[in-house]
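Commentary on secondary and tertiary structure
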Amino acid sequence: MKRSAAYPYLAWLAVFTIIPLILVLYYAFTSVSDGAVKFSPDNFVRAFEPMYLIVMWRSFVLALAATAICFLIGYPAAYILARKVGEKKSTLLFLLLVPMWMNFLLRTYSWLTILERNGIINNALFALGLPKMDLLYTREAVVLGMVYNFLSFMILPIYTALSKIDASLIEAAQDLGAGKMNVFFRVIFPLSLPGVVSGVTMVFLPAITTFVIPNLLGGGKDALIGSLIEQQFLRVGDWRFGSAVSVVIMGLIVIAMSLFYAVDSDEGEGGLF
Amino acid sequence: MKLRMMAIMAIAASALLSGCQGSDDSKRLYVYNWGEYLDESLIGEFERQTGIKIIYETFATNEDMYTKISAGGSNYDVIFPSDYMVEKMIKEGMLEKIDFSGLPNFENVGDRFKNLGYDPGGEYSVPYMYGTLGILYNKTMVDEPVDSWDILWDEKYARQIFMYDSMRDAFAPALIRLGYSINTTDLEELEEAKRSLIAQKPLVQAYVGDMGRDKMIGGEGALSLTYSGDAYLSMLENPDLDYAAPKEGGNVWFDAMAIPKGARNKTGAEAFINFLCDGEVALKNTIYIGYSTVNMKAFEELPESMRESPVYWPSDDVYETCDVFLDLGDFIKEYDRAWTEILVG
Amino acid sequence: MKRLADICSKFYLGLIFLFLYAPIGVLVALSFNESRSRAHWSGFSLRWYAELFKDPEIMKALYYTLLVAALSAFLASVIGTLGAIGIDRMTKTQKKIAMNITNIPVMNPDIVTGVSMMILFVFAFSLFNAGSLGFGTLLLSHVTFNAPYAALAVLPKLRSLDSRMYEAALDLGATPRSAFFKVIFPEIAPGIISGALLSFTLSVDDFVISFFTTGAGVNTLSILIYSMARRGINPKINALSAIMFLVVIVMLYIVDKRQRPKTEKL
């Protein structure tokens, strides 16, 4: 139980994440002119052009929407699970993760089969004599794909936070005459906040840079930050601009998350489970 | 205790990093190909014939492959880049010259497929498969003749059109319609094509990668920008579909075989390329894959349904009107910017 | 009233699981489709199952997928748990720095992590003039993106732990090691297990980072599946997914069955 126990972990992360991060910063802050590499803010100047700001804004809004929906439908599910007793509970928790073991691309292709014009939902509507709807290739479909892929990552940490709550605290509140609502909003919810914080982190961060979901379910019609970065690294080979965009987006995430972490008063460390 | 653990970790890490490479490179061949792009029974056949063990890996896009090879640290002997990527890799000195004395079967490759713009001297690559870029359409939804790229801009088909999500492919019809080259490096021409694609955007149901094929098979749209090989396969699944190579001309594409610089088993690589150029082998391969072979000996042996199909085998007239994609160098950044503007707009 | 709430919550959970499993159902159904295309049902067939077992590439990829996932989950749990214990003992400022380092891999877009790790590895090879991308680099990269999740899973459990228990054990003459395994470990075990499970899941599902850090001869299922995209994903993969799904569900059922009687007796 010493501080030094963390050294291998920190050394590992230092080698494998800090060095790559330095590399990204190096690319972001340099440009090539006349064959020589020079320090230059050019990549950032470009990243802040209105066009790219729109791209970032859209990605933020979509990721935020997905995170909010995950929270709204994930919290009650975590609450119900935490209230359950017995061994069945761990099986149910396990079942939350099992769909994620089937390949991501296959899962997303399945959504195409469900949502498309001649897909399962529209065929069902048609059979009922209802008009078909354009469900696929919309922003709603993109958000749905994000919610689907990240929902479990919201439920699990909230569940852990809720199940750690001492039942005697709730009883005490009830004994003191607090109503159901009061118990929930004054006792249970505040105590589950660390779980909410890590859930939000684990949904929002991957959602903002995903590019497969918007390409497949959104029909690639919106430029989003994930595909912009991917395009720079692979298609265009402009690692410098791609790095600058990543640095900007990381900066924005840090700002957004630190505002959000302020909610979690407990030393600012969100626990995952 | 701590020191011992760290020592163990260090040893384990270095053992992991150095890997366990066999010493006899001439008996192993590392092949890097597109997924599902080889009749894999041929691998066993080659191994039995030559005693060389093939380690077969796959990639998804030219760019993935390029990024991986250019970083170094991976030792492939045979790779399968497309036309413009061959050119780019030649320019950057990433390919070995092929020793054609080890490739007697190269004579099976049709003359019109040799020494093309992407490898003018024909020293670095051997073509593998080819095809054209055209329009796959659903006959039950389109009753007029399809012979021009203009139909992709026809408002009658709003939300019924699929375009490719890769920018070079998406720009090609717009550039051709305006009478420009698909390899243009003129900013004005690119701007014009961009405006035309922005005008088209409301008509497009989706910009798709490879799902366009399934979408058309499922009757999800009327028209789709599609490569001939995929069109041919889709038409087998859904008889309502047909394919047209527009009269204004288009793009003809090639996937080729090449040997990256620093390959450890160059003679093995040449033997493998030679093997794939064999008439029988190429025949088996093109039937399995469904894309058009460049091998004339295999072509002559094909079943009539394939040989006579204008989709599988474009006529000389069509072939003549088509251009090959060339590497644009740094100008690709302008395409990227224009493409982002289209998607943001 | 109580019953009604009970039924409602069961119904709600049912909806959530329906949502999570609907696409898996589609996947399983498509594995029996005669046609190669997802878009066209041309009859029931077991042909993809038959072809699956004749495909050594897929079997090899499955082997590497499971091996990397299991090893990286284990290593990440060991390193991450130690990391969490150390971090738990740090001062507030140190803790903040450590937590920020922990967040970097979570925050970085996969493509940036993948490409920059590839550059790092290749640079190290040229420095030592040895080595190539392969299983080792693949494993290192997976441990790297899993370790923070493993640490994050254990930290809240440590926070709720009473450190006086550990000290009491020491006072009673336990060695630090046995005090750890007898007192601390059982308390934080659920967190470690969750972290390991999560790591396993992330590892199985990763494509981008794996693609750039693996080398010739070592493929994972994700890489294989993504590389099929241009030519159309072979339904053999659907068949494999259906089998994997069945195996997991059967295993879960057995474990569930074996645990049930015990709890009922209690």
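Conventions adopted
Residues numbered from 1 in each chain as written. Chains lettered and ligands numbered in written order. Predicted model: local features only at pLDDT ≥ 70, side-chain atom pairs only at ≥ 80, totals over all residues. Helix = DSSP H or I, 4+ residues; strand = E, 2+ residues; numbered from the N terminus. Buried ≥ 20, exposed ≤ 12 C-beta atoms within 10 Å, placed from the backbone. Contact = placed C-beta atoms within 7 Å. Nonpolar A, V, L, I, M, F, W, Y, C, P; charged D, E, K, R; others polar. pLDDT = per-residue confidence, 0-100. Core = buried A, V, L, I, M, F, W, Y, C linked by C-beta atoms within 7 Å. Axes fitted to C-alpha atoms, helices over the stretch in contact; angles between N-to-C directions. Parallel < 35°, antiparallel > 145°, perpendicular 65-115°, else oblique.

Considering the overall build of chain C
In terms of regular secondary structure, chain C is built from 11 helices and 0 strands. Along its sequence from the N terminus, chain C presents helices and strands in the succession α-α-α-α-α-α-α-α-α-α-α. Sorting the 266 residues of chain C into buried and exposed places 51% on the buried side.

Describing the overall build of chain B
Secondary structure summary: chain B contains 14 helices and 11 strands in total. Among the 345 residues that make up chain B, the fraction classed as buried is 46%. Considering only residue pairs separated by 6 or more positions, chain B has 77% of its internal contacts joining residues 24 or more positions apart.

Topic: the interface of chain A and chain B
Chain A puts 20 residues into the contact, and the matching count from chain B is 20 residues. Elements that contribute at least two residues to the side of chain A that touches chain B include exactly α3 (50-83) and α11 (225-236) of chain A. Broken down by element, the side of chain A that touches chain B gets its largest block of residues, 5 residues, from α11(A). Partitioning the side of chain A that touches chain B into residue classes produces 9 nonpolar, 5 polar and 6 charged.

What to know about the confidence of the model for chain C
Residue and element names in this part refer to chain C. Per-residue confidence for chain C gives a mean pLDDT of 87, with 97% of residues at or over 70. Every residue in residues 262-266 is under pLDDT 50, and counting partners more than four places away or in other chains gives 2 contacts. Prediction confidence for the complex, expressed as pTM and ipTM, is 0.90 and 0.89 respectively.

What about α11(A)?
Burial runs high along α11(A): 10 of the 12 residues are buried. If you follow the buried residues of α11(A), they end up packed against α3, α9 (180-209), α10 (212-217) and α12 (239-261) of chain A, α14 (332-344) of chain B together with α5 (110-128) of chain C.

A look at the interface of chain C and chain A
Listed per partner, the contact involves 75 residues of chain C and 64 residues of chain A. Within the residue set of the side of chain C that touches chain A, elements represented by two or more residues are α1 (2-30), α3 (56-88), α4 (92-107), α5, α6 (135-159), α8 (176-205), α10 (221-227) and α11 (236-265) of chain C. Per element, the largest residue contribution to the side of chain C that touches chain A is 12 residues, and it comes from α1(C).

Regarding the nonpolar core
Counting 255 residues, the largest nonpolar core has A:Ala66, A:Phe150, A:Val203 and B:Val78 as its most contacted members. The element best represented in this core is helix α7 (residues 139-164) of chain A, accounting for 17 residues. Filtering out sequence-adjacent residues up to four positions away, B:Val78 remains in contact with B:Leu29, B:Val31, B:Met257, B:Ile259, B:Ala269, B:Phe272 and B:Ile273.

Details of the packing of helix α5 (residues 104-115) of chain A against α1(C)
Running from N to C, α5(A) and α1(C) point in directions that differ by 90 degrees, and their axes come no closer than 8 Å. Between α5(A) and α1(C), the angle falls in the class roughly perpendicular. Judged by residue contacts, A:Leu106, A:Arg107, A:Ser110, A:Trp111, A:Thr113 and A:Ile114 of α5(A) engage C:Ala22, C:Pro23, C:Val26 and C:Leu27 from α1(C).

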